[in-house]
Amino acid sequence: MKHYLLKELDRREFLRFCGLLASMLGLSDLYIPKIASAIEKASRRPSVVWLHFASDTGCTESVIKATYPSAAELVLDILSIDYHETIMAAAGTQSEEILKRSIEEGGYFLIVEGGVPTKRGYGMIGRRDMMDILKEASEKAKAIIAIGACATYGGVPGARPNPAGIKGVGEYLGRQVVNLPGCPVNPEWVIATIVHNLLFGRLPELDRYGRPKMIYGTRIHDNCPRRAHFDQGVFVEEFGSEEAWERKCLYKMGCKGPNTFSNCPLVRWNDKISWCVQTGYGCTGCTEPGWPDAFSPFRAALPGVAIPIFKGVENTADKIGATLGVATAAGIGIHFVASALKGRTKGKKEGGEE
Ligand code: SF4
Ligand code: SF4
């Protein structure tokens, strides 16, 4: 992969990217020059140690995907990635030495991709258990950033029956970390988190699940371009149907957007080309704690969400979605949540599907 340096990038493209970061950081366009300057003037690129545990490498793929000039190029230019098992040239004892040296120096951002196997022998690198490597690397880290669904809350490797006892990084270490969930993480979320630190000298404000509010503060459903169809009760009921081609609401096809918090519809993926709902499948809820178990089956309509059947009927999904958020985060399955909410939805059936 050719690696472009900031100075090689077209100035307009760079400022466009800084504009995107400004909106993600919740700042006005007036901050664009400040962001550009903070990135360019960083006396030393922030040092990063990137550990890779139980996952499918999807987050690394997401970050290093080469389109030009992409967020990935900027990530690699803004950060000094000192250790990364997948992309570093060194191997074997040489790479172990690099990790040892980085840990001794300290003061790095520790980025962790993948869940932590908490049973001995279930996840090892260089004959050492991943959990021991994590503990050691976390001690001198300036901040710990868990990226992707697996590293944050367990994700797919942590799904039932979870024989390796996979846990998220924060849960395993028993301390606050910055969680950037998603399957995979969006590279722009990683860079926005680091740039926030460059700009303000601190990490962004987090929600109760350790997620930066600037990224995970709004619901997919509230920024979805198909929301008008939901409000009018116009749904896709079969993939390949006329309604599907006309991009109607995917709620009945299992879209979990009403209960999922993230800015995916705004930031999108692969340099803003598309995102899940735009592809026609719907959101599976991958930025939420408890995913995927709490959001299965993916193709089943999210229970407990009252939907309007014609224009003008009151939409109660907002109120119920908020309650569901709490319950699913506690790891309670969606269908259990639905029965728990039955009492609350009673009397609202005229507008609802349940
Ligand atoms: S249910 Fe899904 S497709 Fe429909 S409006 Fe909400 S987020 Fe968009
Ligand atoms: S739209 Fe939903 S499933 Fe897709 S990345 Fe965002 S949170 Fe995950």
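Definitions and cut-offs
- Residues numbered from 1 in each chain as written.
- Chains lettered and ligands numbered in written order.
- Predicted model: local features only at pLDDT ≥ 70, side-chain atom pairs only at ≥ 80, totals over all residues.
- Heavy atoms only, no water.
- Pairing = 2+ DSSP bridges.
- Helix = DSSP H or I, 4+ residues; strand = E, 2+ residues; numbered from the N terminus.
- Axes fitted to C-alpha atoms, helices over the stretch in contact; angles between N-to-C directions.
- Near = heavy atom within 4 Å.
- Nonpolar A, V, L, I, M, F, W, Y, C, P; charged D, E, K, R; others polar.
- Buried < 20%, exposed > 50% of the residue type's maximum accessible area, 1.4 Å probe, protein only.
- Expected span 1.5 Å × (residues − 1).
- Arc of directions from axis to C-beta.

*Asks:* Got a minute to help me understand the sheet that holds strand β3 (residues 109–113) in this structure?
*Replies:* Adjacent strands of a sheet form backbone hydrogen bonds with each other and so pair up, either parallel or antiparallel. In space, the 5 strands of this open sheet follow the order β2-β1-β3-β7-β9, with parallel pairing throughout. Two strands bound the open sheet, and with one partner strand each, they are β2 (80–84) and β9 (178–180). Averaged over all adjacent pairs, the angle separating strand axes in this sheet is 25°, with direction ignored. In the sheet, strand β7 (residues 143–147) pairs with β9 via 3 bridges, with the strands oriented parallel. Looking at the pairing, alanine 146 lines up with asparagine 179 of β9.

*Asks:* Teacher, can you tell me more about the site of ligand 1 here?
*Replies:* Ligand 1 sits among Ile220, His221, Cys224, Arg226, Arg227, Phe230, Cys249, Leu250, Tyr251, Cys255, Gly257 and Pro258. Elements that contribute at least two residues to the shell around ligand 1 include exactly α11 (220–223) and α12 (227–231). When its residues are assigned to classes, the shell around ligand 1 shows 8 nonpolar, 2 polar and 2 charged.

*Asks:* How do you make sense of the pairing of β3 when you look at a structure like this?
*Replies:* Put simply, side chains in a regular strand alternate between the two faces of the sheet. For β3, the buried fraction is high: 5 of the 5 residues fall into the buried class. Where burial is concerned, the two faces of β3 agree: the one with Phe109, Ile111 and Glu113 and the one with Leu110 and Val112 are both buried. Summarising the sheet, strand β1 (residues 47–52) and β3 pair through 5 bridges and their orientation is parallel. Paired with valine 48 across the bridge in β3 is phenylalanine 109. Summarising the sheet, β3 and β7 pair through 5 bridges and their orientation is parallel. Paired with glutamate 113 across the bridge in β7 is isoleucine 147.

*Asks:* For this particular structure, what's the right way to read the site of ligand 2?
*Replies:* Looking at ligand 2, the residues that line it are Ile220, Thr260, Cys264, Trp269, Trp275, Cys276, Cys283, Thr284, Gly285, Cys286 and Thr287. Looking at the shell around ligand 2 residue by residue, the class counts come to 7 nonpolar, 4 polar and no charged.

*Asks:* Hey, could you run me through helix α5 (residues 92–105) in this one?
*Replies:* One full turn of an α-helix is made of 3.6 residues, so residues set three or four places apart face in the same direction. Between its first and last C-alpha atoms α5 spans 21 Å; for 14 residues at 1.5 Å apiece the expected length is 20 Å, and the two agree. Taken together, the buried positions of α5 are occupied by Ser95, Leu99, Ser102 and Ile103. Down the axis of α5, the buried side of the element spans an arc of 100°, and every buried residue falls inside it. Opposite the packed face of α5, turned more than 90 degrees from it, sit the exposed residues Thr93, Gln94, Glu104 and Glu105. Just downstream of α5 lies glycine 106, where phi reads positive at about 70°.

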